[in-house]
Amino acid sequence: MLENFIREELDENNIPQTITISTLMGDREFRWDKAIYMPAGLSGFSDNNVFALANFPNEITSSFKLLQCLTDPELAFIIAPYNPESNLIAPEDIDPIAATHGIATQDLAIVLIITLQKPDGKDTVEMTVNLRAPILIDTARQTAFQVRLNKPQYDFRHPLTA
């Protein structure tokens, strides 16, 4: 298992087991052996490959998570777990891509990057999710891949509603 391999490498090379990063939510400690490796990084950030997930500190944001880069503390994204029951993304569009990356169905978690925008002249903040480029996480191998769904029904800025 990747977690055990990482732990052994850290021990052999006298590298600390954790890293403390100043995040959007204050200082947070992350364990290297719980990191998620993204071989190709994220779109526009291909040199950043090691991330971790963190919970937000209050109930209002409990359905969101922080995807924090462990090698670049300035790089973080707000994400939302994808609910397959919403049927926003067709399984026939995700399943073959997951299979290509060797992700078993029972190990697949999908998250969506959230964008916050304040339109000109409005006092409210709009939240959207990127359906066109979901992140597929292999929970067993602690790897993830941002994929592109090049179909018009998958919007870059799909409104996020309560």
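Further up the page is the structure itself.
Residues numbered from 1 in each chain as written. Predicted model: local features only at pLDDT ≥ 70, side-chain atom pairs only at ≥ 80, totals over all residues. Heavy atoms only, no water.

(A) Just the overall build of the protein, in detail. Within the protein, the secondary structure is distributed over two helices and eleven strands. Listing the helices and strands of the protein from first to last along the sequence gives α-β-β-β-β-β-β-α-β-β-β-β-β. For the protein, the residues scored as buried account for 38% of the 162 residues in total. When contacts within the protein are restricted to residue pairs at least 6 apart in sequence, those whose partners lie at least 24 apart make up 51%. Approximately 9,700 Å² of the protein is accessible, and the part contributed by carbon and sulfur atoms is 52%. (Helix = DSSP H or I, 4+ residues; strand = E, 2+ residues; numbered from the N terminus. Buried < 20%, exposed > 50% of the residue type's maximum accessible area, 1.4 Å probe, protein only. Contact = heavy atoms within 4.5 Å. Areas by Shrake-Rupley, 256 points an atom, 1.4 Å probe, with all protein chains shown as cover.)

(B) Expanded view of the nonpolar core. Grouped together as the largest cluster of nonpolar side chains are 28 residues, with contacts concentrated most on Leu 70, Ile 89 and Leu 136. Secondary structure elements with two or more residues in this core: strand S4 (50–55), helix H2 (91–100) and strand S7 (108–117). Once residues lying within four places of it in the same chain are set aside, the contact partners of Leu 70 are Ile 19, Ile 21, Phe 30, Trp 32, Ala 35, Val 50, Phe 51 and Ala 52. Core analysis: the next-biggest nonpolar cluster, separate from the first, contains 14 residues, Met 38, Leu 42, Cys 69 and Phe 77 among them. (Core = buried A, V, L, I, M, F, W, Y, C linked by side-chain atoms within 4.5 Å.)

(C) How the structure looks around the pattern of salt bridges. According to the stated counting rule, one finds three salt bridges in the structure shown. Residue Arg 31 is joined to Asp 33 by a salt bridge in which the shortest nitrogen-to-oxygen separation is 2.9 Å. On the accessibility criterion, Arg 31 (36% relative accessible area) is partly exposed. A salt bridge links Asp 93 to Lys 151; the nearest nitrogen and oxygen atoms lie 2.7 Å apart. Here Asp 93 is found in helix H2, whereas its partner Lys 151 is found in the loop between strand S10 (143–146) and strand S11 (158–159), with 58 residues between them in sequence. The exposure class of Lys 151 is partly exposed, given its relative accessible area of 36%. (Salt bridge = Lys/Arg side-chain N within 4 Å of Asp/Glu carboxyl O.)

(D) Inspection of the packing of aromatic side chains at higher detail. Per the stated rule, a full pass over the model turns up one aromatic pair. Ring geometry for Phe 45 against Phe 77: centres 5.6 Å apart, planes inclined by 75 degrees, an arrangement best described as edge-to-face. Of the two residues, Phe 45 sits in the loop between strand S3 (36–37) and S4 while Phe 77 sits in strand S6 (residues 76–81), which places them 32 residues apart along the sequence. (Phe/Tyr/Trp six-rings, centres within 6.5 Å; stacked < 30°, edge-to-face > 60°.)

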